[in-house]
Amino acid sequence: DISRLSLVITWIYLMFLLPIFRHQIKMFLFRRGLYRADLTILSDNETEANEVKKAIESEPNLGYYIQKIVMFEKDITLQQIAHLKAQKPSGIIVVSDNSLLREEIINKLQHFVRKIFFLPSAQNIAFLNSKIEYLFDSQMFIVKLDNNLYRLTNKVLKSVFDVILAILLMPILLPIVAIIALMIRKATGESAFFVQERLGQDSTMFQCIKFQTMYPNGDALLEEFFKSNPTEAQHWEEFKKIKGDDPRVTKIGKFLRKTSLDELPQIFNVLNGTMSFVGPRPYLEREINDMQNRDETIRIAKPGITGMWQVMGRNDLSFEKRTELDEWYVRNWS
């Protein structure tokens, strides 16, 4: 006999373990040249072709490998078509801004290649939640874009998932939070927690909870630091972060920031519904002017403990790039 609790716990763990296991198996096969699609890029623009190649190579989990780039000018030649047939690629990526030429080339190649890929002209539109619908009588298709954040059921499901996951993690995280809080208290003599007002969902503000990683006179220390380090001041203007050692950060604070443990107390924000596990960064009110009108879109979703920019570059990304990734996440929210 197996208890119901064991079945439920097993099911919860499998939700996380099976996708990870599947991903690792795929990567193992890809590295050995198995279960992989070899693609050829066909383009009339070398710069764009190289950008596409770089973008695909940065996504190894897709299982695509770029064999070569074949350039053409006004049209693809019969010799190039014969060469492509001989190569027998798994697929071809057509990269061209000329929609008529792109359509003509796709029609010429589609009958002897298993897969044809092409880039839509509107690359900045949120296509992740798109669906193609066919108008058979007119031999046309239309692209439907879903705004998943518009559906109340989606918001409720995500909030319920956040709360359940937070409750499941609390027995593990609470002892860690308590130990770190005691270490900070002993090292600094100050409060272990730092509460700061941040931009919340829609037009709200909320109290974001973090571990205290800075000295109490942090602003004064930063001002003095910039006077003697003008290059760091320039870096701060672009990235809103210090490139080297931040003079405001305590010794234990450096460790907490490096390991992201300073954000552990934000689980309490998840429990009270002001944050999510995954979402845009919780920005400061003073950063609105630097967000280049992206704040309205970003604030449609709840801010998250982690998100797009944290896993795609972290401190190496400029502030502008971070807001771009957060905006992309909200527009493509699934």
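This text goes with the structure placed above it.
Owing to the predicted nature of the structure, the values given are computational and were not obtained by experimental measurement.

Reading the values: the criteria
Residues numbered from 1 in each chain as written. Predicted model: local features only at pLDDT ≥ 70, side-chain atom pairs only at ≥ 80, totals over all residues. Heavy atoms only, no water. Patch = residues over 30% accessible without salt bridge, like charges linked within 9 Å, V, L, I, M, F, W, Y side chains within 5 Å. Areas by Shrake-Rupley, 256 points an atom, 1.4 Å probe, with all protein chains shown as cover. Salt bridge = Lys/Arg side-chain N within 4 Å of Asp/Glu carboxyl O. Helix = DSSP H or I, 4+ residues; strand = E, 2+ residues; numbered from the N terminus. Buried < 20%, exposed > 50% of the residue type's maximum accessible area, 1.4 Å probe, protein only. Arc of directions from axis to C-beta. Pairing = 2+ DSSP bridges. Axes fitted to C-alpha atoms, helices over the stretch in contact; angles between N-to-C directions. Phe/Tyr/Trp six-rings, centres within 6.5 Å; stacked < 30°, edge-to-face > 60°. Lys NZ or Arg CZ within 6 Å of the ring centre and 35° of its normal. Contact = heavy atoms within 4.5 Å. Polar contact = N/O pair within 3.5 Å; in protein donor to acceptor, adjacent residues only side chain to side chain.

J.: Outline a nonpolar patch on the surface, supporting the account with residue identities and numerical values.
T.: On the surface, a nonpolar cluster with roughly 740 Å² of combined accessible area is contributed by I125, I132, Y134, F136, F141, V143 and L145. The set of elements that each furnish at least two residues to the nonpolar patch consists of strand 5 (130–135) and strand 6 (140–145). Of note, Y134 is situated in strand 5. Classification of Y134 by relative accessible area gives exposed; the value is 54%.

J.: I'd like a description of helix 6 (residues 218–228), backed by residues and values.
T.: Residues G218, L222, F225 and F226 constitute the buried set of helix 6. All buried residues of helix 6 fall inside an arc of 100 degrees around its axis, so they share one side. In helix 6, the exposed positions that point more than 90 degrees away from the buried face belong to E223, K227 and S228.

J.: Can you tell me about the sheet that holds strand 2 (residues 64–71), naming the residues and giving the values?
T.: The sheet built from four strands is open, its strands ordered 2-1-3-4 with parallel pairing. If you trace the sheet from one side to the other, it starts and ends with strand 2 and strand 4 (115–118), each paired once. On average, each strand axis in the sheet is inclined to that of its neighbour by 25 degrees, with strand direction left out of account. As judged from the seven bridges shared by strand 1 (residues 37–43) and strand 2, these two strands associate in the parallel manner. Pairing of I41 across the sheet is with I69, part of strand 2.

J.: Lay out the pattern of salt bridges in plain terms, naming residues and giving numbers.
T.: In the structure shown here, the tally under the stated rule is ten salt bridges. Between D38 and R36 there is a salt bridge, with the nearest N and O atoms lying 3.3 Å from each other. Taking the relative accessible area as the measure of exposure, R36 reaches 31% and is therefore partly exposed. It is possible to trace a salt-bridge network through shared partners that takes in R294, K321, E324, E327 and R331.

J.: Describe in detail the packing of aromatic side chains, supporting the description with residues and values.
T.: Considering all chains together, one arrives at five aromatic pairs under this definition. Centroid distance F193 to F211: 5.4 Å. Interplanar angle 25 degrees. Geometry classified as stacked. Here F211 lies in strand 8 (residues 205–211) and F193 lies in strand 7 (residues 193–199), a separation of 18 residues in the sequence. Between Y283 and F319, the aromatic rings sit 5.8 Å apart at their centres with planes inclined by 85 degrees, giving edge-to-face as the arrangement. Residue Y283 is found in the loop between strand 9 (276–278) and helix 10 (295–298), and its partner F319 is found in helix 12 (residues 319–331); the two are separated by 36 residues along the sequence. Side by side, Y283 and F319 carry an identical accessibility label, which is buried. Between R36 and the ring centre of Y65, over which it is positioned, the NZ or CZ distance is 4.4 Å. The ring of W309 has R322 lying over it, and the distance from NZ or CZ to the ring centre is 5.0 Å.

J.: Give a description of helix 4 (residues 99–109) that names residues and reports values.
T.: When helix 4 is considered as a whole, its buried residues turn out to be L101, R102, I105, I106 and L109. Projected onto a plane normal to the axis of helix 4, the buried residues spread over an arc of 135 degrees and lie on a single side. Away from its buried face by more than 90 degrees, helix 4 exposes L100 and N107. Along its buried surface, helix 4 packs onto strand 1, helix 3 (78–87), strand 3 (91–95) and strand 4. N-capping of helix 4 is provided by N98, with a side-chain oxygen placed 3.2 Å from the backbone N of L100.

Fair warning: the whole summary comes from geometry, so function is off the table for now.
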